[in-house]
Amino acid sequence: MGSNSSRIGDLPKNEYLKKLSGTESVSENDPFWNQLLSFSFPAPTSSTELKLLEEATISVCRSLVENNPRTGNFGALIKVFLSRTKELKLSAECQNHIFIWQTHNALFIICCLLKVFICEMSEEELQLHFTYEDKSPGSYSSDSEDLLEELLCCLMQLITDIPLLDITYEISVEAVSTMVVFLSCQLFHKEVLRQSISHKYLMQGRCLPYTSKLVKTLLYNFIRQEKPPPPGAHVFPQQSEAGGLLYGLASGVATGLWTVFTLGGVGSKAAATPELSSPLANQSLLLLLVLANLTDAADAPNPYKQAIMSFKNTQDSSPFPSSVPHAFQINFNSLYTALCEQQTSDQATLLLYTLLHQNSNVRTYMLARTDMENLVLPILEILYHVEERNSHHVYMALIILLILTEDDGFNRSIHEVILKNITWYSERVLTEISLGSLLILVVIRTIQYNMTRTRDKYLHTNCLAALANMSAQFRSLHQYAAQRIISLFSLLSKKHNKVLEQATQSLRGSLSSNDTPLPDYAQDLNVIEEVIRMMLEIINSCLTNSLHHNPNLVYALLYKRDLFEQFRTHPSFQDIMQNIDLVITFFSSRLLQAGAELSVERVLEIIKQGVVALPKDRLKVLLFCPPNPSGSHCFPGNSPKPHSGPSHCFAQTHLVVPLCRLQCRVRLGKTPQTCLSSFVSHHKPPHIPHFPKNLNTGWSLGILCFSASVPFFLFFPLPQISFRQPSHALNPAHRLQTTTSSKPFLMPPFKIISPFPGLP
């Protein structure tokens, strides 16, 4: 590079790069390094510019790979960088712009070379390139074999110890990006890395003491969302024309952050990648997620995961247990605010999921907040714009709702929060609605979108699981939310009838033609009936536990009472239909007594009066368990047993996302290999990892990201989501011995006016 390099197109002919990658050894004390590191050209800010940089430097990189075993110039470059970092903190205090600029350039070159090395060779070969010195061909020194560990420790010290100033912002971003590049080796391995060299150094030895400090710094980088210095706040003073172009942050966002994607467009419309307001915050978040999901070592757990699982609020004065290593404290209020504001990105949603799932302190704090709408509304907006979001983002948002709805306090409180003028909800003007009713509307809309577009059974089940968790706590449902619940049941009923009719016609046609294979309508019917049963259980749970709080739901039931006729005698629904039949029959008789033509207000008044008159012991409490893929209604290994507390039915197999390495099941779109096709067509990595199809390791959610053009996967386990029941659900004393009659109920001939003009 050098002082004369101002454009990417000049790099192949650059004499300094040729010397670095050539056959001549360069001592770490040679003045050549000052000349090499005095380059200035705009950093790549797009995939096109990145491709140009790779094409311009590929010959240099290959030459260095070939000659480095004899020259050791790569190791010399790293030693030059390490020696400079020892004075970096003092240089920042003294505002030594030139020194910081050259140190940054050294790290920039190292990051570029590491990216090529990781793509082209194994970890063992990469480690050897850190050990080569100026000796006889192919020899190396055992005293230098920890240069890789020293570089990793230096990067961690740089991230945690160097003050974040205008002149150090760029090198801080580059340090975080270089660590992300180090951890990208996973992409080029078929199996999950458990013996990675970089993982070993990060989890043991000299890097281990920096664990909690690094995690804390990365979290605060995300919380603060520090923006790059504004135009004019240059990294170093302007030089003469001989010194090349002015090198400042105004030339582009984050030198090391060339492009970051999270597979937008998989199973959704392609969306433009927004410009990052804080490259440091974004890169810090990516690095934090990668570190937190590293595979545990054979003899020690992942310390970064331990740190994320155990950190506490700064206002918590209780001592840390001695058994909790790498613990620290952080301001939960600032963290909560940042999480609420940043949910437009996949990475921030993934961090929110990770903290809710793994850190009980964070989960308890968030569930105790009185302003939960600040967190829930961005999650609902993600689900509402499902057609614009990638499938990973939708699944993560849905799983977060599942975790939140496990808490009865949350399920009660969201119906007490009243919202006004929800501008992003366009189907209907909602001038005033509770947060709970809005949540129901958005989840039902997601189900209906899935039924017509993606047809993902597991997305159905997860959405219904969230409604099921909430159903016992439904309070003062908005009339539109109540109507949408019944409308969804109506849609499912129509689909059930359609598939049943197709099966009947197909069976008749097969009698005349023995050679025509029959479609498998039985499986389709089974899926639809499972979903219908869950909807009936949700309605039944609400009627059993909070009938007096939901007159609008009773109104919607009465208005669409004919929908339930066909399910009264259906063997799969007879048990769950008893309470619904009872409610419909009881209130129908009271409306019949009141007259034939009734206004909406009069019907609601009769319903409210009838709720008081209906004996509570006439409603049968049923055990509520959602269906699993095998067809039964309680998941294997988790059969409920009678006890006095809440009953739980854990859903593990339903929490599936479209892209994962440990087990690959694509539900919303394309296969992982197909998802990579756009990247492969431009960057041509040596090989694409294979994804094992059947591993008994449990489901794992994955995100594919690109940092410094190196794609990498983030893996994290999915939680056991419990479907809650009231504490008396399994108490035999509360089970009414209601007789079941095979004779259908007769509906009285009264008429109800629709409370929703223009809607069926």
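In this text, all values refer to a predicted model and were calculated from it rather than measured experimentally. (Residues numbered from 1 in each chain as written. Predicted model: local features only at pLDDT ≥ 70, side-chain atom pairs only at ≥ 80, totals over all residues. Heavy atoms only, no water.)

Take the overall build of the protein next. Looking only at helices and strands, the protein features 28 helices and 10 strands. Here the contacts in the protein between residues at least 6 apart in sequence split such that 75% fall between residues at least 24 apart. Summing over all exposed atoms, the protein offers an accessible surface of approximately 31600 Å²; the carbon and sulfur share of this is 50%. (Helix = DSSP H or I, 4+ residues; strand = E, 2+ residues; numbered from the N terminus. Contact = heavy atoms within 4.5 Å. Areas by Shrake-Rupley, 256 points an atom, 1.4 Å probe, with all protein chains shown as cover.)

Mapped onto the secondary structure, Phe-39 falls in the loop between α2 (32-36) and α3 (47-71). C-alpha separation for the pair Phe-39 and Asn-105, spaced 66 residues apart in sequence, amounts to 7.5 Å.

What follows is about helix α26 (residues 600-613). Relative to the 20 Å expected for 14 residues at 1.5 Å per residue, α26 spans 20 Å between its end C-alpha atoms, a close match to the ideal helical length. All buried positions along α26 are accounted for by Val-600, Val-603, Leu-604, Ile-606, Ile-607, Gly-610 and Val-611. Down the axis, α26 shows its buried residues gathered within 160° of arc, on one side only. When the buried face of α26 is taken as reference, the exposed residues oriented beyond 90 degrees from it are Glu-601, Lys-608 and Val-612. (Expected span 1.5 Å × (residues − 1). Buried < 20%, exposed > 50% of the residue type's maximum accessible area, 1.4 Å probe, protein only. Arc of directions from axis to C-beta.)

Looking at the secondary structure, you find Leu-113 in helix α6 (residues 97-120). Look at Leu-113 and you get buried, because its relative accessible area is 6%. For the pair Leu-113 and Val-65, spaced 48 residues apart in the sequence, the C-alpha separation amounts to 9.4 Å. When near neighbours in sequence (up to four residues on either side) are disregarded, Leu-113 contacts Cys-61, Leu-64, Phe-74 and Leu-77.

This part is about helix α17 (residues 373-384). Over its 12 residues, α17 runs 15 Å from end to end, which matches the ideal 16 Å to within 8%, given 1.5 Å per residue. The element α17 is extensively covered by neighbouring structure, given that 10 of its 12 residues are classed as buried. Three or more residues of α17 are buried, namely Glu-373, Leu-375, Val-376, Leu-377, Pro-378, Ile-379, Leu-380, Ile-382, Leu-383 and Tyr-384.

All right, on to the confidence of the model for the protein then. On average, residues of the protein score 74 in pLDDT, and 71% of them reach the 70 mark or higher. Looking across the protein, the model is least confident in strand β6 (residues 650-651), with a mean pLDDT of 31, and most confident in helix α14 (residues 332-341), with 96. When the criterion is pLDDT under 50, residues 136-140 qualifies, and its contacts beyond four places in sequence or with other chains add up to nine contacts. Low pLDDT, under 50, characterises residues 234-273; the predicted model gives this stretch 113 contacts beyond four residues in sequence or across chains. (pLDDT = per-residue confidence, 0-100.)

The next point concerns the packing of aromatic side chains. As enumerated under the stated definition, the model contains 16 aromatic pairs in all. Measuring from ring centre to ring centre gives 5.2 Å for Phe-74 and Phe-130, while their planes differ by 75°; the resulting arrangement is edge-to-face. Taken together, the residues Phe-74 in helix α4 (residues 73-85) and Phe-130 in helix α7 (residues 123-131) connect sequence positions 56 residues apart. Owing to a relative accessible area of 0%, Phe-74 belongs among the buried residues under this scheme. The exposure class assigned to Phe-130 is buried, which follows from its relative accessible area of 1%. The structure contains a cluster of three or more aromatic residues connected by ring pairs, namely Phe-311, Phe-328, Phe-332, Tyr-336 and Tyr-365. Sitting over the ring of Phe-320, Lys-312 keeps its end group 4.2 Å from the ring centre. (Phe/Tyr/Trp six-rings, centres within 6.5 Å; stacked < 30°, edge-to-face > 60°. Lys NZ or Arg CZ within 6 Å of the ring centre and 35° of its normal.)

Let's shift gears to the packing of helix α11 (residues 211-224) against helix α13 (residues 303-310). Between α11 and α13, the least distance of the axes is 9 Å, while the angle of their chain directions is 60°. Judged by the inter-axis angle, α11 sits oblique to α13. In the crossing of α11 with α13, the sense of the turn from one axis to the other is right-handed. When α11 is examined against α13, the residues Thr-211, Leu-214 and Val-215 are found in contact with a partner set consisting of Pro-303, Tyr-304, Ala-307 and Ile-308. Here the residues of the contact of α11 with α13 sort into six nonpolar, one polar and no charged. (Axes fitted to C-alpha atoms, helices over the stretch in contact; angles between N-to-C directions. Parallel < 35°, antiparallel > 145°, perpendicular 65-115°, else oblique. Left-handed = near helix turned anticlockwise from the far one by under 90°. Nonpolar A, V, L, I, M, F, W, Y, C, P; charged D, E, K, R; others polar.)

What follows covers the side chain of Arg-369. Assignment of secondary structure puts Arg-369 in the loop between α16 (360-368) and α17. A polar atom in the side chain of Arg-369 sits 2.9 Å from the side chain of Asn-333. A polar atom in the side chain of Arg-369 sits 2.5 Å from the side chain of Tyr-365. Ignoring any residue separated from it by four or fewer positions in sequence, one finds Arg-369 in contact with Asn-333 and Tyr-336. (Polar contact = N/O pair within 3.5 Å; in protein donor to acceptor, adjacent residues only side chain to side chain.)

The next point concerns unusual backbone geometry. One non-glycine residue, Gln-95, lies in positive phi territory at about 55°. With respect to the helices and strands, the residue Gln-95 is situated in the loop between α5 (88-93) and α6. With a phi close to 50°, Ser-476 is a non-glycine residue in the positive phi region. The topology assignment puts Ser-476 in the loop between α21 (457-471) and α22 (479-512).

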